[in-house]
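Structure at a glance
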Amino acid sequence: MEKLLKFLIFGSMFFAILSCQDEDVTPQPPAPTVLAAASNAGLSTLVSAVAAVPGLGSVLINADEITVFAPTNDAFAAALTAFGASDLNDLVNKLGGVDNLETVLGFHVVPAVAFAADLQASNTFTTVSGQQITVAKSGNNVTVTDFAGNVANVVTADVAIENGVVHVINRVLIPNIVLPKPNLVEAATAAGLTTLLSAVTAVEGLANALLSAEGITVFAPTNAAFGNALEAFNVANLSQLVTKIGGIENLEKVLGFHVVPAVAFAADLQPTNSFPTLGGQNITVNRSPNGVTLLDAAGNTFKVVTADVAIENGVVHVIDGVLLPTLDLPNVVEAATAANLTVLLDAVTAAGLGQALLDAEAITVFAPTNAAFTALLAAQEVTSLQALINKLGAPAVIKVLQFHVVPATAFSFDLAEGPQSVPTLAGENLTVTRTGANVTVRDAAGTTYNVVAADVAIENGVVHVIDGVLLPTL
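This section reports on the structure supplied with the text. (Residues numbered from 1 in each chain as written. Predicted model: local features only at pLDDT ≥ 70, side-chain atom pairs only at ≥ 80, totals over all residues. Heavy atoms only, no water.)

1. Quick word on the side chain of T127
Under the convention used in this document: Note on conventions: DSSP H or I runs of at least 4 residues are helices, E runs of at least 2 residues are strands, and numbering of each starts at the N terminus. Any residue under 20% of the maximum accessible area for its type is buried, any over 50% is exposed, and the rest in between are partly exposed; the area is computed with a 1.4 Å probe on protein chains only. Any pair of N or O atoms that falls within 3.5 Å is considered a polar contact. Within protein, one atom must be able to donate a hydrogen and the other to accept it, and sequence-neighbouring residues count only if both atoms are side-chain atoms.
If you trace the backbone, T127 turns up in the loop between β3 (122-126) and β4 (132-138). Given a relative accessible area of 4%, T127 falls into the buried group. Side-chain polar atoms of T127 contact the backbone oxygen of Q131, separated by 2.7 Å.

Right, dumping it as structure tokens:
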């Protein structure tokens, strides 16, 4: 540095003597500051980044001597993409804040002057950030290698500034910094797990609960895994799947079955592990030289396809299947009780059909409301269920009730568009018509009733509540 200073002083005296000898020499304009040079070169993102660090611009301008490797706007755009950032402010957040941005920018500045002609074939410089970069020169080509081994090319060399030189490069150099971990939603988004995110969002408050949990391990199904689950349940979308498994509460149980309230990276696992989950049931996780697998309550085995995605409160392992816990669905009696279908229950009990419905392998029940039975009693000019049985006879009432039961499971979305004739336990067919989201049922007398509450999942099928009592041929 002393030799360079002496050279500069000598040079100044030499030029002073020359100026005395020839006063007609036109003085050269002063070199720009580093920020002015960057602006002149169109490096607007770099200028904005420097401005985002309080005081950094003044430090660079007032430094004794510097060499700046200045990324182009395109280089910053590529960095935004690499970090999944939407703009410079978002990039600062992804880097972990202004302090890490200052480290990154300082990694582009060497506290000495090095024009291209000053470079050796290989050079190691300590930057203002305290970390080293490698600068290589081959012919007229100059490259810079960062901490991660990424190589940037100098696209414009030797832009003189008042306290040094700027070399424009085509990549943002990344030093050794500790990046913030993504949260669960960010990690799932980055991994393209859109169906999982939709499922979590469908359960009110679940996303916030997972984000605020102290420590979690999430076994996160891929979109393809959810696609396989849709196919297995013979449904077209997530909404239909939720309906078939019994509603949002059971969806929450399924999703909770994928979350262990503790942090377990792959290296932490034993050959066989049983973990309690947020779904209230244990999950079995096995580790072998071939990888990590999981066993659900249904006996299905799925694989971890991407392990150890660190998040801010734990870890995510991406898996190739949707894990199913034991799901509790109501039986037909419990579903009718919950829907307050008291007259239907009384009728089924009086006819002795309750156990047959409970034991059936698969049923679809069109369940009349209390008001529907009241209308039937009025039409038959009787005042009670027992009076109706006395008037029509027990076998006829049994046939009426059986006419409301199809010996197969048919959710509303399973039905074809338009009318269709379906068999019943009464030995007669009834006509079911789907028009968009609306379903109607027509009985043997040609009377049509509406499904007023569809798709109540039960343990052996489904219940649709209707606004009339269907009559077979009596």
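2. Thoughts on the pattern of salt bridges
Put simply, the rule is: Any carboxyl oxygen of Asp or Glu within 4 Å of a side-chain nitrogen of Lys or Arg constitutes a salt bridge here.
Under the definition given, this model contains five salt bridges. The closest approach of N and O atoms between D90 and K94, which form a salt bridge, is 3.2 Å. One end of the pair is D90 and the other is K94, both in helix α6 (residues 88-95) and four residues apart, which spans about a single turn. Residue classification places D90 among the buried residues on the basis of a relative accessible area of 18%. Notably, a salt bridge pairs D328 with K253, separated by 3.7 Å at the nearest N-O pair. With D328 in the loop between β14 (314-319) and α14 (332-338) and K253 in helix α13 (residues 248-256), this pair connects stretches of sequence that are 75 residues apart. Given a relative accessible area of 56%, D328 falls into the exposed group.

3. Here we look at the environment of A225
The test is simple: Throughout, a contact is declared for two residues whenever any of their heavy atoms are within 4.5 Å.
Structurally, the position occupied by A225 is in helix α11 (residues 223-232). A225 gets classed as buried once you look at its relative accessible area, which sits at 2%. Residues A225 and D320, 95 residues apart in the sequence, show an inter-C-alpha distance of 5.2 Å. Among all residues touching A225, those that are not within four sequence positions of it are I319, D320, G321 and V322.

4. Digging into helix α9 (residues 194-202)
Using the following cut-off: By arc we mean the arc of the directions from the helix axis to the C-beta atoms, nothing more.
For α9, every residue scored as buried is listed here: L196, L197, A199 and V200. Seen along its axis, α9 keeps its buried residues to an arc of 160°; they face one direction. On its buried side, α9 packs onto α8 (184-190), α10 (206-212), β8 (216-221), α11, α12 (238-245) and α13.

5. Regarding unusual backbone geometry
The phi dihedral of N340 falls on the positive side, at around 60°, and the residue is not glycine. The residue N340 is located in the loop between α14 and α15 (342-351) in this model. Of note in the backbone geometry, E381 takes a positive phi value of approximately 60° without being a glycine. One can find E381 in the loop between α17 (370-379) and α18 (385-392). Here E381 falls in the exposed class, since its relative accessible area comes to 72%.

6. Topic: the environment of D158
Along the polypeptide, D158 turns up in strand β6 (residues 151-161). Classification of D158 by relative accessible area gives partly exposed; the value is 34%. A C-alpha to C-alpha distance of 94 Å links D158 and T374, two positions 216 residues apart in sequence. Those residues in contact with D158 that sit more than four places away from it in its chain are F115, A116, V165, V166 and H167.

7. A short note on the pairing of strand β21 (residues 461-466)
This is how the line gets drawn: Only strands that DSSP links by at least two bridges are regarded as paired with each other.
For β21, the tally of buried residues reaches six of six residues, placing the bulk of the element in the interior. Sheet topology places strand β15 (residues 363-368) next to β21; six bridges connect them, and they run parallel. Considered in β21, the bridge of I363 is made with G461. Relative to β21, strand β20 (residues 448-458) runs antiparallel, the two sharing five bridges. Paired with V451 across the strands is I466, a residue of β21.

8. Side note on the sheet that holds β6
The seven strands lie next to each other as β2-β1-β7-β6-β5-β4-β3, forming an open sheet whose pairing is mixed. Bordering the open sheet on either side are β2 (109-110) and β3, each of which pairs with just one other strand. Taken together, the three bridges between strand β5 (residues 141-145) and β6 define a ladder with antiparallel strand orientation. Bridged to V144 within β6 is A152.

9. Side note on the sheet that holds strand β11 (residues 282-288)
The strand order across the open sheet formed by seven strands is β9-β8-β14-β13-β12-β11-β10, and the pairing between neighbours is mixed. Among the strands making up the open sheet, the edge pair consists of β9 (259-260) and β10 (272-276). Two elements, β8 and β9, share two bridges in a ladder whose sense is antiparallel. Bridge assignment links V218 to a residue of β9, and that residue is V259.

10. Notes on the packing of aromatic side chains
Ring pairs (aromatic) are described by centroid distance and by the angle formed between their planes. What counts here: Two rings from Phe, Tyr or Trp (for Trp, the six-membered ring) form a pair when their centres sit within 6.5 Å of each other. Planes less than 30 degrees apart are called stacked, planes more than 60 degrees apart edge-to-face, and all others tilted.
Taken as a whole and assessed by the stated rule, the structure comprises one aromatic pair. Relative to F413, the ring of F411 lies with its centre 5.5 Å away and its plane at 15°, an arrangement referred to as stacked. According to the relative accessible area criterion, F411 is buried, its value standing at 3%.

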